[in-house]
Amino acid sequence: MRALRAVVIMILLVLLAQIRPAAQPAHATDDTQREQALEKSYDSLLTSGNLASWLKVLSAHAHHPGSPASRPNAERIAGLFRSWGYETSIEEFRILYPKPVVRTLEMTAPEHYAPSLREPPLAEDSTSGQTAEQLPLFNVYSVDGDVTGELVYVNYGVPKDYEELARRGVSVKGKIAIARYGGSWRGIKPKVAAEHGAIGCIIYSDPKDDGYFQGDVYPKGPYRGEWGGQRGSVQDMPIHTGDPLTPFVGATKDAKRLSLKDALILTKIPVLPISYGDALPLLRAMGGPVAPASWRGALPITYHCGPGPATVHLNLKFSWDLVPIYDVIAKLAGAESPDEWVIRGNHHDGWVYGAADPLSGLVSMLEEARAVATIAHGSWKPRRTIVYCAWDAEEPGLVGSTEWVETHAEELARKAVVYINSDGNGRGYLGAGGSHTLEEIVNDVARSVTDPEKHVSVADRFRAQELLETPVADREELRSRKNFRLYPLGSGSDYTPFLQHLGIASLNIGYGGEDGGGSYHSIYDSFDHFIRFGDPGFRYGVTQAQTVGRLVLRLAGSEILPFHFSSFTGAVARYAEEVMKLTEEMRRETDETNRLIRENVFELNADPTEVWVTPEVKDSVPYLNFAPLQNAVAHICAASAHYDVIWRHADSTGIRLSAETERSLNRKFREFEHALTVQGGLPGRPWYVHAVYAPGQYTGYGVKTLPGIREAIELRNWKQAEEQIVVAARMLEQAAAFITTTTSLIR
């Protein structure tokens, strides 16, 4: 199957080569030639050996927040930056980081079973035996709790799964929900379970999602074995990220802190992760309706929904300590505009050894920073200041980056041009998401970087993969586009506080998709696992450094920032069309469901062996007034098109802008993303202020575009939807005026 896939991709690559945008003419400008020469020189400095040696040292010990290895790792990273000539500091914060004191889980009926709750050492994995320093399997920011109840299997534990349970007459009220990982961010599972009356939540890793169903398990293959578990945060990240006790302000030593009872992002019920080896006896003992076909995993059982007769006792207690965390900040001053910052970051903390997540991305960033500094010590000087950041405590909830952003919010609002993020990295395809004003530069860079395995540009390989995964009916539109589209950012990594709290243009860049899985957040995310399955030879680590290094060099060195409005306005037009279609789809679905209810079709089609509950008739979906949004989209698209005409004219006629005009243009580009923010934030979550991109309240990592409108519609809050249409329209009108003012600078 993989061989066939590879052949198909290579055929698509050949086809794409025929529609590739025309190459630059032979009389390429001096600026372009200098840029190409600079990047060729930069590439020549990159070596995979550095990545391997740094990864081995940094992943040698567990380095979660508050661990003995946390500060030494930060010092090692800071020492490297200093040795390359960066002005480097370590900023310390004190954050709430509860660790488990009591972890009890046992099945009390219909038989007794005590799960092991541990991952065994493997002879093939040299660090897995360091049991004394490993964090046990747990979910950080779960509350304490001692509960006993029947189990209910809730599939992925997202809202629609509870609708399916309700149709079968199954309730989790007073019960303990057992959910499998996947389908949403893990913090959504206990959140939704609690909203439906559950008293506890267990999350297990089903082998269908990242175990033997996918391929050979570790150590033979990369996938999660029987006793492998997944640690992770379960804070309510869609409310705010960072330290639970210091929302909106940095968690400095003297910061005013909330009491635990007032912290909004802790879970409402206790929650614990387990392996599929420990989950199997629990699920096998369950009765009740047979789970829908799409809910069935790969365990050798019939999946039942419950409730019971499997009954479990769950008892969790945590330390609730404050621990120090260490952000490494390294600056290379700009020669002409030192108060314009190009910020680049990757976190350094891991759940245990963190070789893939995050150190594979961190060591690539370190090599990138070393090569950038080497170039800057020669004839090339960055026009703008470059700021490299190695964040701590990303894993608990983007804490290190959030606390730094909140601490320096005023300065960042004045100086930040862009934030470029990465996280783990591995073999495979380019992944690129972010602010759509940066879509053009990302595509230009991707066309200039060669994939180390396929020997075509990473842009062409990405587009071949995109074509393969696109329905045949939609492929012509994809082929007709010059550029691939950036995916919009939800949450899940350190770009969130920059983009969605401060309104700073941001990117998230990385490679992956062919690096297997199964080690995520386990003790087996190790150096041994990574060099066999993640990125043997670190070729994609070097490719990542080539890709992001080019972005840094171009953004830090260009006279005029390479921001483009048209990609953004095109994206907003698509998102507006989507929310309008959403109401149409909901209206058709609601009307059809109500018809089936009135005709008793649900009762006629019910499985006689199950108890089915007929859904309640829902109110019809009203016709919302989208005119303000439609007009605003038309205005911003027109403003963007006018800007493009004026800019092309200026470029084609060789008009030289004054230094003052260039500074004014750059200031406008820097401020544009902030023009997309809403004063007071999104409904019910004021920490999130971006009106175009936000994590969903019930998706966590997954993005909701035009979130104020989209989520109000999904929640059937029609009054709020009408209000948010007006809010979004007002924001887009302001952004259109912003573009028009920018255009006037180059006339």
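Rules used in this analysis
Residues numbered from 1 in each chain as written. Predicted model: local features only at pLDDT ≥ 70, side-chain atom pairs only at ≥ 80, totals over all residues. Heavy atoms only, no water. Helix = DSSP H or I, 4+ residues; strand = E, 2+ residues; numbered from the N terminus. Expected span 1.5 Å × (residues − 1). Buried < 20%, exposed > 50% of the residue type's maximum accessible area, 1.4 Å probe, protein only. pLDDT = per-residue confidence, 0-100. Contact = heavy atoms within 4.5 Å. Pairing = 2+ DSSP bridges. Axes fitted to C-alpha atoms, helices over the stretch in contact; angles between N-to-C directions. Phe/Tyr/Trp six-rings, centres within 6.5 Å; stacked < 30°, edge-to-face > 60°. Lys NZ or Arg CZ within 6 Å of the ring centre and 35° of its normal. Patch = residues over 30% accessible without salt bridge, like charges linked within 9 Å, V, L, I, M, F, W, Y side chains within 5 Å. Areas by Shrake-Rupley, 256 points an atom, 1.4 Å probe, with all protein chains shown as cover. Salt bridge = Lys/Arg side-chain N within 4 Å of Asp/Glu carboxyl O. Lys, Arg positive; Asp, Glu negative; His and termini not counted. Charge placed at Lys NZ, Arg CZ, Asp CG, Glu CD. Polar contact = N/O pair within 3.5 Å; in protein donor to acceptor, adjacent residues only side chain to side chain. Parallel < 35°, antiparallel > 145°, perpendicular 65-115°, else oblique. Nonpolar A, V, L, I, M, F, W, Y, C, P; charged D, E, K, R; others polar.

J.: I keep staring at helix α9 (residues 355-376) and nothing clicks. Help me out?
T.: In an α-helix, one full turn covers 3.6 residues, which means residues spaced three or four apart are oriented alike. An ideal rise of 1.5 Å per residue puts 32 Å on 22 residues; α9 measures up with 30 Å between its terminal C-alpha atoms. By the criterion of burial, α9 is predominantly enclosed, with 20 of the 22 residues buried.

J.: I'm lost on the confidence of the model for the protein in this one. Help?
T.: In this model, the protein carries an average pLDDT of 93, and 95% of its residues clear a pLDDT of 70 or more. Contacts of residues 1-28 to residues separated by more than four positions or lying in other chains number 30 contacts, the stretch itself having pLDDT below 50.

J.: Which parts of the structure should I look at to understand the sheet that holds strand β11 (residues 337-347)?
T.: Sheet strands pair by backbone hydrogen bonding; their relative direction is either parallel or antiparallel. Taken in spatial order, the 7 strands of this open sheet run β1-β10-β12-β11-β13-β15-β14, and their pairing is mixed. The sheet is open, and its two edges are formed by β1 (87-96) and β14 (428-434), each paired on a single side. Each adjacent strand pair in this sheet contributes to an overall mean axis angle of 20°, direction not counted. Here helix α17 (residues 539-557) sits on the sheet in contact with β11, β12 (384-391), β13 (416-421), β14 and β15 (506-513), set at roughly 165° to β15.

J.: Would you take a moment to explain the packing of aromatic side chains for this structure?
T.: By convention here, two paired aromatic rings are described through the distance between centres and the angle between planes. The final tally for this structure, using the stated rule, is 30 aromatic pairs. With 5.8 Å between their ring centres and 35° between their planes, W185 and Y701 make a pair best called tilted. Here W185, found in the loop between β5 (176-180) and α6 (188-195), pairs with Y701, found in the loop between β16 (693-695) and β17 (703-705); they are 516 residues apart in sequence, far enough to count as distant. Exposure remark for Y701: the relative accessible area of 31% places this residue in the partly exposed category. With a centroid separation of 4.0 Å and 5° between ring planes, the pair formed by Y419 and F498 is classed as stacked. Of this pair, Y419 sits in strand β13 while F498 sits in helix α15 (residues 496-502), and the two are 79 residues apart along the sequence. Note on accessibility: Y419 and F498 belong to one class, buried. Connected via pairs of aromatic rings, a cluster forms that spans F563, F565, F568, Y643, W647, F669, F672 and F738. Sitting above the plane of the Y429 ring, R461 keeps its charged end 4.4 Å from the centroid.

J.: I tried to follow α17 on my own but got confused; where do I start?
T.: Between its terminal C-alpha atoms α17 stretches 27 Å, which fits the 27 Å expected from 19 residues at 1.5 Å a residue. A large share of α17 lies buried, amounting to 17 of its 19 residues.

J.: Please clarify how the side chain of T402 should be interpreted in this entry.
T.: Considering the arrangement of structural elements, one finds T402 in helix α10 (residues 399-407). On the basis of relative accessible area, T402 is assigned to the buried category, the value being 0%. The residues touching T402, leaving out its near neighbours within four places in the chain, are T241, G242, P497 and W687.

J.: What should I look at first to understand a negative patch on the surface in this one?
T.: A contiguous patch of negative charge, built from E163, E577, E584, E585 and E589, is present on the exposed surface. Here the negative patch gets 4 residues from one element, more than from any other, and that element is helix α18 (residues 565-598). The residue E584 is located in helix α18 in this model. Taking relative accessible area as the criterion, E584 reaches 38% and is therefore assigned partly exposed.

J.: Looking at this model, I keep getting lost on the side chain of N483. Mind explaining?
T.: Inspection of the secondary structure assignment puts N483 in the loop between α14 (475-480) and α15. Judged by its relative accessible area of 9%, N483 is buried. A polar contact of 3.0 Å, which involves the side chain of N483, links it to the side chain of E440. A polar contact of 3.1 Å, which involves the side chain of N483, links it to the side chain of R447. Other than its neighbours up to four places away in sequence, N483 contacts E440, N443 and R447.

J.: Whenever I open this one, the packing of helix α3 (residues 48-58) against helix α4 (residues 70-83) confuses me. Can you help?
T.: Helix packing geometry: the angle between the two helix axes and the distance between the axes. Axis separation between α3 and α4 bottoms out at 10 Å; the angle between their running directions is 155°. As far as their axial angle goes, α4 and α3 are roughly antiparallel. Residues W54, V57 and L58 of α3 lie in contact with α4, whose contacting residues are N73, R76, I77 and L80. Partitioning the contact of α3 with α4 into residue classes produces 5 nonpolar, 1 polar and 1 charged.

J.: For this particular structure, what's the right way to read the pattern of salt bridges?
T.: Proximity of charged atoms lets side chains of opposite charge pair with each other. One pass over the full model with this rule turns up 39 salt bridges. Across the pair R554 and E35 runs a salt bridge whose closest N-O atoms are separated by 3.6 Å. Here E35 lies in helix α2 (residues 30-45) and R554 lies in helix α17, a separation of 519 residues in the sequence. A salt bridge links E711 to R685; the shortest N-O distance between them is 2.8 Å. Within this pair, whereas E711 is found in helix α22 (residues 707-714), its partner R685 is found in the loop between α21 (659-672) and β16, the two being separated by 26 residues in sequence. Overall, R685 belongs to the buried group, its relative accessible area being 2%.

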